[in-house]
Each structure stands twice: as C-alpha cells, then as structure tokens.
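What follows is the residue order along each chain.
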Amino acid sequence: MKTDLFGNMLQSPIIIGSGPLSYSARGMILLDRAGAGAVVTKTITRSAADNPHRHMLECDTNTLINCEKWSDYSMERWLDEEIPKAVREGVKCIASVGHTVEDSRLCAERLEEEGCMAIELVSYREETVLPMLEDTRKRVKIPIIVKLSPNSENIIEHAKRCEAAGADAFTACDSMGPAMKINIGTGRPVLGGDGGYGWLSGAMIRPFTIQKICELRKYTSLPIIGLGGTARWQDAVEMILAGADYIGICSAVILKGTRLIKEIDSQVDCYLEEHGKSSLKEISGMVQQFLPQEEQKENYQMKFHPETCTRCGRCIRVCPYDARAYGQNESMEVDERECRKCGLCVSVCRFGALEV
Ligand SMILES: Cc1cc2nc3c(=O)[nH]c(=O)nc-3n(C[C@H](O)[C@H](O)[C@H](O)COP(=O)(O)O)c2cc1C
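Just so we're clear, the structure is a prediction, and the values are computed from it rather than from any experiment. (Residues numbered from 1 in each chain as written. Predicted model: local features only at pLDDT ≥ 70, side-chain atom pairs only at ≥ 80, totals over all residues. Heavy atoms only, no water.)

### Structural notes on the overall build of the protein
Right, so step 1: A tally of regular secondary structure across the protein gives 11 helices and 18 strands.
Right, so step 2: Rg of the C-alpha trace for the protein: 23 Å, near the compact-globule value of 21 Å for 356 residues, within the 12% margin.
Right, so step 3: When burial is assessed residue by residue, the protein has 49% of its 356 residues classed as buried.
Right, so step 4: Total accessible area computed for the protein in this model is approximately 17,800 Å², and 48% of it derives from carbon and sulfur atoms.
Right, so step 5: One finds the centroid of the 43 positive side-chain charges in the protein at a distance of 3 Å from the centroid of its 50 negative side-chain charges. (Helix = DSSP H or I, 4+ residues; strand = E, 2+ residues; numbered from the N terminus. Rg over C-alpha atoms; globule rule 2.2 N^0.38 Å. Buried < 20%, exposed > 50% of the residue type's maximum accessible area, 1.4 Å probe, protein only. Areas by Shrake-Rupley, 256 points an atom, 1.4 Å probe, with all protein chains shown as cover. Lys, Arg positive; Asp, Glu negative; His and termini not counted. Charge placed at Lys NZ, Arg CZ, Asp CG, Glu CD.)

### Some remarks on the site of the ligand
Right, so step 1: As a structural note, the neighbourhood of the ligand is formed by 25 residues, with Ser18, Lys42, Thr43, Gly202 and Ser251 the closest of them.
Right, so step 2: Separating a nitrogen atom of the ligand from a side-chain N or O atom of Thr43 is a distance of 2.6 Å.
Right, so step 3: At 2.7 Å, a backbone N or O of Gly202 approaches an oxygen atom of the ligand.
Right, so step 4: Those elements that place two or more of their residues in the shell around the ligand are β6 (63-66) and β12 (197-202).
Right, so step 5: Taken together, the residues of the shell around the ligand sort by class into 9 nonpolar, 11 polar and 5 charged. (Near = heavy atom within 4 Å. Polar contact = N/O pair within 3.5 Å; in protein donor to acceptor, adjacent residues only side chain to side chain. Nonpolar A, V, L, I, M, F, W, Y, C, P; charged D, E, K, R; others polar.)

### Description of the pattern of salt bridges
When their charged atoms lie close together, side chains carrying opposite charge are able to pair.
Right, so step 1: According to the stated counting rule, one finds 23 salt bridges in the structure shown.
Right, so step 2: Salt-bridge contacts for Arg46 lead to Asp103; the nearest nitrogen and oxygen are separated by 3.0 Å. Note that Arg46 is positioned in the loop between β4 (38-40) and β5 (56-60) and Asp103 in helix α3 (residues 101-113), a separation of 57 residues in sequence.
Right, so step 3: The exposure class assigned to Arg46 is partly exposed, which follows from its relative accessible area of 43%.
Right, so step 4: Residue classification places Asp103 among the buried positions, given a relative accessible area of 5%.
Right, so step 5: A salt bridge links Glu215 to Lys218, with the shortest nitrogen-to-oxygen separation between them at 3.1 Å. (Salt bridge = Lys/Arg side-chain N within 4 Å of Asp/Glu carboxyl O.)

### Remarks on the environment of Gly90
Right, so step 1: Relative to the helices and strands, Gly90 is located in the loop between α2 (75-88) and β7 (93-97).
Right, so step 2: A relative accessible area of 36% places Gly90 in the partly exposed class.

### Regarding the pairing of strand β9 (residues 144-148)
Right, so step 1: Counting buried residues along β9, 5 of its 5 residues qualify, which places the element largely inside the surrounding structure.
Right, so step 2: Sheet analysis places strand β8 (residues 118-121) next to β9, joined by 3 bridges and oriented parallel. Within the sheet, the bridge partner assigned to Glu120 lies in β9 and is Ile145.
Right, so step 3: Both β9 and strand β10 (residues 169-172) contribute to a ladder of 4 bridges, which runs parallel. (Pairing = 2+ DSSP bridges.)

### Observations regarding the domain arrangement of the protein
Accessible area lost upon the coming together of the parts is a frequently used measure of interface size.
Right, so step 1: Under the domain assignment, the protein is made up of domain 1 (3-290) and domain 2 (303-355).
Right, so step 2: Look at where the C-alpha atoms of domain 1 and domain 2 centre, and you get two points 40 Å apart. (Domains from an automatic or database assignment.)

### Brief notes about the packing of helix α1 (residues 25-33) against α2
For any two helices packed against each other, one specifies the inter-axial angle together with the distance between the axes.
Right, so step 1: Remark: α1 packs on α2, axes separated minimally by 8 Å, with the N-to-C direction vectors making an angle of 15 degrees. The orientation of α1 with respect to α2, classified from their angle, is roughly parallel. In terms of crossing hand, the pair formed by α1 and α2 is right-handed. Taken together, the residues of α2 that come into contact with α1 (itself represented by Ala25, Arg26, Met28 and Ile29) are Trp78, Glu82, Lys85 and Ala86. (Axes fitted to C-alpha atoms, helices over the stretch in contact; angles between N-to-C directions. Parallel < 35°, antiparallel > 145°, perpendicular 65-115°, else oblique. Left-handed = near helix turned anticlockwise from the far one by under 90°. Contact = heavy atoms within 4.5 Å.)

### Description of helix α7 (residues 233-242)
Right, so step 1: What α7 keeps buried is the set Asp235, Ala236, Val237, Met239, Ile240 and Ala242.
Right, so step 2: At its buried positions, α7 is contacted by α6 (206-219), β13 (224-226), β14 (246-249) and α9 (259-274).
Right, so step 3: At the exit of α7 stands Gly243, carrying a positive phi of roughly 140 degrees.

### A few points about the sheet that holds β12
Right, so step 1: Ordered in space as β5-β6-β12-β11, the 4 strands form an open sheet in which the pairing is antiparallel. Edge positions in the sheet fall to β5 and β11 (176-180), since each has one partner strand and no second. Within this sheet the neighbouring strands show an average axis-to-axis angle of 40 degrees, counted without direction.
Right, so step 2: One ladder, built from 4 bridges, connects β6 with β12; its direction is antiparallel.

### With respect to the side chain of Ser18
Right, so step 1: Along the chain, Ser18 falls in the loop between β3 (14-16) and α1.
Right, so step 2: At 2.8 Å, the side chain of Ser18 forms a polar contact with the backbone oxygen of Thr41.
Right, so step 3: At 3.3 Å, the side chain of Ser18 and the backbone nitrogen of Thr43 are in polar contact.
Right, so step 4: Once residues within four sequence positions are removed from consideration, Ser18 is found in contact with Val40, Thr41, Lys42, Thr43, Ser96, Lys147 and Cys250.

The following block contains the structure:
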C-alpha cells in the first residue's frame, strides 16, 4: 500500500527500524527490494562500534535480547559510500544518528546533501536528545524524527519538549531493558556485553509499545512510527489503532526474514478492505474514542458460541475462580456467584467461542 511520509511516496507503510538489517547499503537495498517503505540506518556515530561476542539471542518466540552497539562502520564510510549507494539505488533512507550533539554536528548537513529523506535522532540518555535536536534543526531542512525510549521516566513530557524544539515526527519506541538471559547449563550470562545484559525487543515488548503510542497520540499530532513488537499483521493493525501512522519493524524481520514485509503489507491491506477503509489514516488512533474514562463495570455480558467451541477446556483450566464447567449437550455452565468477570477465559479462547 503506497503511503506518503514527509511528501515522499513510500511503496509501503512499513519502516525498518535501525538495527543489524540496515548495517550497510547492501542490507538497506535488500530491504527496499523486499517492500520496505523506508529504512532507518544502523545508528551512525563518530567512532565505529566494536561489538562483544555474543551480542544477540532469541529469548522467546519473536523476541530478542541484544547488546549490539551502534554501527561498526565509520561515519566517513556512511557519508562517502553507504548512504550515497543506498540513495542511488532508490532506498528511502532515514539516517539514525546518535548519541550526542558532537555526533550529530559532524554529519547532519552531509546526510541531507547525500539525499537522506530524514534524520532520526537517538540517545541512551534523554538529556542529550534535546541538544542534538536543537543543533540539527539549525543545520538541516529535512525532517527530524526523535526516537523515544520506553525506559524514559516521562516519555510524554520528553516528547512535548522535543515537539516544541522542532521535531517533525516520533519513532515509538526503542528496545526495553536492561534484560538478561542465563545459560542454565553453564551458569553464565549468554550475552558477552558489559554486565552480561542487553535490550529486549520483539513480541514481548508489544503491549508496552502499544500503551506508549496510545498515550503519545493524546498529546501530539505529529506522525508516529509505531516500532516495538510487531511480528504479525494483527500487531501492525494494533499499533495503528493505538495511534501510529506507520508500521515500524526490526526484530521480526530479523527472525522471520524479509518476506514478512510484503506479507504484513498485503494483510493489513486486506484488513482495511474488510473494514471498508481505504487508508491507515482512517483507523489511526481509533482506540482513543473507546478509552474508558472510569472503571468499567456495566454491560459486561459474556456469550458462549457452542458451534465454534472445540471443548479444548482451556477456558475451564485457566479460570482462577473455578467458575466454569462443561454442561450437558455442548453447553457451558458458569457459576455466576464465583465468576468475577475477569475476562481471562475470553482471552485464551482461540476459536471465538467466548465473546464479550
Ligand atoms: C540487534 C538489534 C540492534 C539494534 N540496534 C539499534 C541501533 O543501532 N540504533 C537504534 O536506534 N535502535 C536499534 N535497535 C532497536 C530497534 O530499532 C527497535 O527500536 C527495537 O528493536 C524495537 O522494535 P522491534 O520490536 O520491532 O524489534 C536494535 C535492535 C536490535 C534487535
């Protein structure tokens, strides 16, 4: 689905987040050919990174922990070779720059000259983002995206300050953490970085990202790239409903391969068609109108659909109050005195047999 970003026509609304897939022009071109609307470079700084061994692991389904640093190519290489090559090949290139004003100062103008469509500023420390943003704003005319951290103490206040200082869009969010995995055979941490820890990304962080985007959408009308946890088309739709305008992905494309990009793009398209919508704009932030203003108690009626129930028994097993049981003739009995309407049974039913 073609989508506009800052006046550039993207082949899809999917933007590949900064990470190992965009380590070079070669990686970025592959992502572009696989259908990515835009690609954010691995973070460019003054000095090339030297990464520990190991620096990446899969810790759960579609979830990674990594302690990979910024780019292991020099800034000069990005400016002289990688970005010009990617741009020449038609990649819609967003340059990720971090982590201090000394870094952004050295490359901002050149990134614009070499044809980057935007600059994304990122930092491990919130206090360095504003100086970077203020300085970069003076240097370039291309849009500046600020990448927000879910680890921030007050992400909304930070975002407001960035908007006031001239940010054009937000990427929400970066990976979460720190996080750690221990090899139970050896008793050692799996990752080789300082302290043995890394940063969590992929499916496990999605509920956090969704909440941050939802919160952010209340306070800003700037475009939001929803990044953090998308591994399936349903996740992408959830990001958009929360308030994102574009679908960011990093870990899931690493783990599932670049075919995921077109898969998600076309399935999101089908979703829109089925719901009678023609663009993501029409559903972006839709959840906002449904956010409860006070605790909900009324109108919670549960329905049982025997025709789709496979009698797998999950809803019965998970009920903490032992309120459910199969009845006669494909019925389900609910002990209304014990049922607290927690809703867990509905969420574990994979067949749509329970509905609120
Ligand atoms: C191995 C790896 C390396 C990453 N390197 C960077 C980086 O250099 N700069 C950056 O801003 N984000 C980096 N990220 C964070 C991603 O851009 C993204 O914010 C995060 O992974 C959440 O998205 P996801 O759940 O789709 O992976 C990295 C993520 C991973 C998994």
